[in-house]
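Coordinate inspection notes
What follows is the residue order along each chain.
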Amino acid sequence: MADDDRIQEQEKKIKNLEMELNDLRQGLTVVADYYRDLRQVSRQQVATEIVDQDLARPLVDEDREFEGIWRFHEDVLIPDPLSHIPCNAMYEAFVRYCARTGRNPVGQEAFEFVFARMENPVPSLGNGVWTGYRLRMDRL
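Below or above, wherever it landed, is the structure these notes cover. Everything quoted here is computed from the prediction, not taken from an experiment.

Cis peptide bonds are those with omega within 30 degrees of zero, and the linkage from Asn120 to Pro121 qualifies with -10°. Looking at where Pro121 falls in the secondary structure, it is placed in the loop between helix 3 (108–115) and strand 2 (124–126). Residue Asn120 is not a glycine yet carries a positive backbone phi of 60°. Under the relative-accessibility criterion, Asn120 is labelled exposed at 68%. The phi angle at Asn127 is positive, at roughly 55°, despite the residue not being glycine. Positionally, Asn127 belongs in the loop between strand 2 and strand 3 (129–135).

See the structure below:
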């Protein structure tokens, strides 16, 4: 019976080793899946950062630029159809307003492009002079 006992004991050990090997394989599969998912998330993060950098940030920057010009339009200008402001003076007022409010001013060409599309009232540009507004000097 000693041989039968030894054989049964070895069969139990083999069965236990097979079960442990199976558990290790399952664990390895879980770890491999985890790293595959982690790699995929990393790629998605990189893609998100690229989209954010290439698409979203420029749009946000454009919104900030527009917002600064719109705020200047609302805060500093008084509609007056008979008033005239030279382009350089208008832009200098915009730059002073940005400095006072902590905004970054856009270049003069960008300012004039956006400002020409303001409404209520629509400014008019001719011969280097904006017509339709006067400045509130106390807001600069």
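Turning our eyes to something else, we now look at the pattern of salt bridges. This structure, assessed with the given rule, holds three salt bridges. For the salt bridge of Arg36 with Asp33, the shortest nitrogen-to-oxygen distance reads 2.8 Å. Residue Arg36 and its partner Asp33 are located together in helix 1 (residues 2–76), separated by three residues, close to a single helical turn. In this structure Asp33 comes out as partly exposed when scored by relative accessible area, which is 30%. Of the charged contacts, one joins Asp80 and Arg134 as a salt bridge, the two residues approaching to 3.3 Å between their closest N and O atoms.

The next point concerns the sheet that holds strand 1 (residues 77–86). The antiparallel open sheet is built from three strands, whose spatial order is 1-3-2. The open sheet terminates on both sides in strands that have one partner only, identified here as strand 1 and strand 2. Each strand of the sheet is rotated relative to its neighbour by a mean of 50°, with strand direction disregarded.

Reading the values: the criteria
Residues numbered from 1 in each chain as written. Predicted model: local features only at pLDDT ≥ 70, side-chain atom pairs only at ≥ 80, totals over all residues. Heavy atoms only, no water. Helix = DSSP H or I, 4+ residues; strand = E, 2+ residues; numbered from the N terminus. Buried < 20%, exposed > 50% of the residue type's maximum accessible area, 1.4 Å probe, protein only. Salt bridge = Lys/Arg side-chain N within 4 Å of Asp/Glu carboxyl O. Pairing = 2+ DSSP bridges. Axes fitted to C-alpha atoms, helices over the stretch in contact; angles between N-to-C directions.

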